[in-house]
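For reference, the chains in residue letters:
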Amino acid sequence: QVLLVESGGGLVQPGGSLRLSCAAAGFTFSQYTMSWYRQAPGKERELVAAVVSATTINYADSVKGRFIISRDNAKNTVYLQMNSLKPEDTAVYYCKAASWLGSREYWGQGTQVTVSS
């Protein structure tokens with residue numbers, strides 16, 4: 001069975017940091033693009049960051065320079081290091097796995113990130 005288990009969300013003050021983790025199981029992790037999305041209340045879900053390999057990474061403009069996505073294929077885990085957090089970063093963050101060739105797509109359950117004083 002495919003499983004994406006997210007952790008690391010919570011409440012932080014503006015300027016603080018959080019690291020989200022997404023542990024994957026049930027598929028060939030190294031052959032999937034891993035990404036993080038987020039959805040704030042009343043807004044559409046948006047791509048935050050995606051990583052194919054260590055040298056193939058994309059970020060939303062709103063998080064460039066503040067967030068870092070990385071993956072550890074040996075641990076089947078993708079991370080999102082979030083620094084200099086802003087209130088507008090408040091959202092539910094979702095982990096997504098997308099296969100390169102087989103049109104398979106999996107989502108995590110989402111984890112709440114709240115940035116507030």
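Source: prediction; values computed, not measured. Here the residue index of a chain counts from 1 through its sequence in written order. Confidence filtering applies because this is a predicted model: local features only for residues at pLDDT of at least 70, side-chain atom pairs given and counted only at 80 or more, and all residues used for totals across whole chains, interfaces and linings. With hydrogens and water excluded, all non-hydrogen atoms of the structure serve as input to the side-chain values.

Participant: Outline the environment of Lys86, supporting the account with residue identities and numerical values.
Facilitator: If you trace the backbone, Lys86 turns up in the loop between β8 (77-82) and β9 (91-99). It is 32 Å that separates the C-alpha atoms of Lys86 and Ala74, two residues lying 12 residues apart in sequence. Elements are defined by DSSP. Helices are runs of H or I of four residues or more, strands are runs of E of two residues or more, and each kind is numbered from the N terminus.

Participant: Help me get a handle on the packing of aromatic side chains, residues and values and all.
Facilitator: Classification of ring pairs uses Phe, Tyr and Trp, with its six-membered ring standing for Trp, and accepts pairs whose centres are within 6.5 Å; under 30 degrees between planes counts as stacked, over 60 as edge-to-face, and the remaining range as tilted. Under the counting rule described, the total for this entry stands at six aromatic pairs. Each ring, one from Tyr32 and one from Tyr106, has its centre 6.0 Å from the other, and the planes form 25°; the classification is stacked. Residue Tyr32 is found in strand β4 (residues 32-39), and its partner Tyr106 is found in strand β10 (residues 105-107); the two are separated by 74 residues along the sequence. A 1.4 Å probe rolled over the protein chains alone gives each residue an accessible area, and that area as a share of the maximum for its type sets the label: buried under 20%, exposed over 50%, partly exposed in between. Its relative accessible area of 7% is what places Tyr32 among the buried residues. Each residue in the set Phe27, Phe29, Tyr32 and Tyr106 is aromatic and connected to the rest through ring pairs, giving one cluster. Only when the NZ of Lys or the CZ of Arg is both within 6 Å of the ring centre and within 35 degrees of the ring normal is a charge said to sit over the ring. We note Arg45 situated over the ring of Trp107; from NZ or CZ to the ring centre the distance is 4.8 Å. The ring of Phe29 carries Arg71 above its face, with NZ or CZ at 4.5 Å from the centroid.

Participant: Quick rundown of the pattern of salt bridges? Include the residues and the values.
Facilitator: One speaks of a salt bridge when a side-chain nitrogen belonging to Lys or Arg is within 4 Å of a carboxyl oxygen belonging to Asp or Glu. Summed over all chains, the structure comprises five salt bridges. Arg38 is the partner of Glu46 in a salt bridge, and the nearest nitrogen-oxygen pair spans 2.8 Å. The class of Glu46 is partly exposed, set by a relative accessible area of 35%. Across the pair Asp61 and Lys64 runs a salt bridge, and its minimum N-O distance is 3.0 Å. The network of salt bridges with shared partners includes Arg38, Glu46, Arg66 and Asp89.

Participant: Summarise the pairing of β4; cite the residues concerned and give the values.
Facilitator: Here β4 lies mainly inside the structure; seven of its eight residues are buried. Think of it this way: DSSP has to see at least two bridges between two strands before they count as a pair. Examined bridge by bridge, β4 and β9 share eight bridges and lie antiparallel to one another. In the strand pairing of β9, Met34 is matched with Ala97. Here β4 folds back onto strand β5 (residues 46-53), and the loop between the two strands holds six residues, one of which, Gly42, carries a positive phi near 80°.

Participant: Pulling in residues and values, what's your account of the side chain of Lys96?
Facilitator: Examined against the element boundaries, Lys96 turns out to sit in strand β9. Within the local environment of Lys96, its side chain forms a polar contact with the side chain of Glu105, the two groups lying 3.3 Å apart. Contacts were defined at the residue level, with two residues in contact if any of their heavy atoms lie within 4.5 Å. For Lys96, the contacting residues outside a window of four places in its chain are Leu4, Thr33, Met34, Ser35, Tyr37, Glu105, Tyr106 and Trp107. As used in this structure description, the phrase polar contact means that two N or O atoms lie within 3.5 Å; if the pair is within protein, one of them must be able to donate a hydrogen and the other to accept it, and residues adjacent in sequence are counted only when both atoms belong to side chains.

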